[in-house]
Amino acid sequence: MNKKPSLLESAACHVILVLAVAFALYPVLWVVALAFSGTQTPSPRVIPVPEAPTLAHLSAVVGASRKVDGAEVWLFGRQLANSLVVSLSTALVGVLIAIPTAYALARFRFAGKESGVRALLATQMFPAVASAIPLYMILNYLGLLNSRTGLVVCYASTSVPFSIFQLRAAFEAIPVDLEEAAMVDGATRFSAFVRVVLPAARPAIAVTALFAFMGAYNEFILAATLLDKEEMFTLPVMLQRFIGEYDAQWEKFAAGALVVSLPVMALFYVAQRHLVAGLTAGGVKG
C-alpha cells in the first residue's frame, strides 16, 4: 500500500511547484509591465509592476490604420487576418496531405517506400531559411509575392513532411486488428479507415495540426523576405517593425506581443479538452 506523504513532504512539493511556475511566469510579467507602463521603461525591480499604467500602447498597436488605394484600412485587423488565414490554411493543407500519405507508409508495402521516407527525412535536415532565395524566385515567377497563397505554399512545403512523420508513427501504433475486425464485420478498407483509424488517431492529428499552425503563426524570416507591403504583413513581421536600427519601441513591442499571443492562448484553451479526451480514449474497451 502506498504511503501517504507527510505534511512536510507535501509542503515542500507545493513550494517547488510554486517556484517553478513563478520562474516561468516572471518574463511574462515583465512583458505585461512594459505593455501597460507609460512612456518611461519601468525601473528594475523584483516584482515588475506597470508605472503610470496606461492603455495608450495597446491602443496604438491595435488601432493602427493606413490608407491603401485611397481607402482607410484597419492595419492591425488586416495583419491579424493574414496570420490566421495563412496559419489555418497551412495546418489544413498539411494535415489533409499527410493523413493519406502517412497511412499508406504505415500500412502498405510498395516500390520506393523506403527511399521516399529517406527523401522526406532529408528535407527536414535543412533550415527553412536556406530555401528563402529559391522560394522568392519561384513565387516572383508565379506572381505570388505579397500574397497569402504564396506564404501557404511555402509553409506547407515544410509542414507536410513533418506532419507525415508525426502521423505515420501514430498510425503504426494503432493495432491492425482493429481494422481487420471492422472489415470482417463488412466494412471496406476506406470505411474502416474513416470509422476506426481516424478516431483512434485523433490526438495525433490534433497535435500535428497545432504544430503546423504554430509553425506558420510564429514564422518570421520567410514572411519578412516574401512580403514588403505593410497591409500584407503577418503579426511577427508587424512586431519586428517596432525594433529599428537606432530606436526600439519596447512598450509597443510588448503590447503587440500580448495581443499576438491571445489567439494562440484561445486555441490551446479550446483544444485542450479535446486533446486530453482523445489521449485518454482507448481503441479497445473491455
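Only a predicted model underlies this, so the values are computations on that prediction, with no experimental measurement involved.

### What about the pairing of strand β2 (residues 71–74)?
One ladder, built from four bridges, connects strand β1 (residues 65–68) with β2; its direction is antiparallel. Bridge assignment links Arg 66 to a residue of β2, and that residue is Val 73. Linkage of β1 to β2, two consecutive antiparallel strands, is achieved through a turn of two residues, within which Asp 69 is found at a positive phi near 55 degrees.

### Details of the layout of surface pockets
In this structure, the largest pocket occupies an estimated 460 Å³ of space. Forming the walls of the largest pocket are 21 residues, and the residues nearest its centre are Ala 128, Tyr 155, Ser 157, Thr 158 and Ser 159. When residues in the lining of the largest pocket are grouped by element, the largest group, five residues, is from helix α6 (residues 148–173). Here the residues of the lining of the largest pocket are counted per class, giving twelve nonpolar, eight polar and one charged.

### As for the packing of helix α3 (residues 75–107) against α6
Orientation of α3 relative to α6, taken along the N-to-C sense of each, is 40 degrees, at an axis distance of 6 Å. Considering only the axes of α3 and α6, their crossing is right-handed. Its residues placed into classes, the contact of α3 with α6 shows 19 nonpolar, seven polar and five charged.

### So, the pattern of salt bridges
The final tally for this structure, using the stated rule, is five salt bridges. For the salt bridge of Glu 172 with Arg 168, the shortest nitrogen-to-oxygen distance reads 3.3 Å. Taken together, the residues Glu 172 and Arg 168, both in helix α6 and four residues apart, mark about one turn of the helix. Taking the relative accessible area as the measure of exposure, Glu 172 reaches 43% and is therefore partly exposed. Taking the relative accessible area as the measure of exposure, Arg 168 reaches 16% and is therefore buried. Its salt-bridge partner being Glu 179, residue Arg 189 comes within 3.7 Å of it at the nearest N-O pair. Remark: Glu 179 occurs in helix α7 (residues 176–184) and Arg 189 occurs in helix α8 (residues 189–200); sequence separation between them is ten residues. Because the salt bridges share partners, they merge into one network encompassing Arg 66, Glu 230 and Glu 231.

### Re the UniProt feature "transmembrane region" (unreviewed entry) in the protein
Residues given the UniProt feature "transmembrane region" (unreviewed entry) here are residues 12–36, 84–105, 117–138, 192–217 and 253–271. Here residues 192–217 runs as 96% helix and 0% strand, with 34 Å between its end C-alpha atoms. Taken end to end, residues 253–271 is 100% helix and 0% strand, and its two terminal C-alpha atoms sit 28 Å from one another.

### Let's talk about the UniProt feature "domain: ABC transmembrane type-1" (unreviewed entry) in the protein
UniProt records the feature "domain: ABC transmembrane type-1" (unreviewed entry) for residues 80–271 in the present numbering. For residues 80–271, helix accounts for 77% and strand for 0%, while the C-alpha atoms at its two ends are 20 Å apart.

### Considering the environment of Val 31
Looking at the secondary structure, you find Val 31 in helix α1 (residues 7–36). A C-alpha to C-alpha distance of 9.7 Å links Val 31 and Pro 50, two positions 19 residues apart in sequence. Leaving out residues up to four positions away in the same chain, Val 31 has contacts with Ala 254 and Leu 258.

### As for the environment of Val 18
Within the element layout of this structure, Val 18 appears in helix α1. On the basis of relative accessibility, which here comes to 55%, the residue Val 18 falls in the exposed class. In this structure, the C-alpha to C-alpha distance between Val 18 and Ser 261, residues 243 residues apart in sequence, is 23 Å.

Reading the values: rules and limits
- Residues numbered from 1 in each chain as written.
- Predicted model: local features only at pLDDT ≥ 70, side-chain atom pairs only at ≥ 80, totals over all residues.
- Heavy atoms only, no water.
- Pairing = 2+ DSSP bridges.
- Helix = DSSP H or I, 4+ residues; strand = E, 2+ residues; numbered from the N terminus.
- 1 Å grid on protein atoms, 1.4 Å probe; cavity = no way out; pocket = protein on both sides within 12 Å on 5 of 7 lines; lining within 4 Å.
- Points joined across faces, edges and corners; volume = space filled by probe spheres on them.
- Nonpolar A, V, L, I, M, F, W, Y, C, P; charged D, E, K, R; others polar.
- Axes fitted to C-alpha atoms, helices over the stretch in contact; angles between N-to-C directions.
- Left-handed = near helix turned anticlockwise from the far one by under 90°.
- Salt bridge = Lys/Arg side-chain N within 4 Å of Asp/Glu carboxyl O.
- Buried < 20%, exposed > 50% of the residue type's maximum accessible area, 1.4 Å probe, protein only.
- UniProt positions renumbered as here; feature names shortened; annotations may be inferred.
- Contact = heavy atoms within 4.5 Å.

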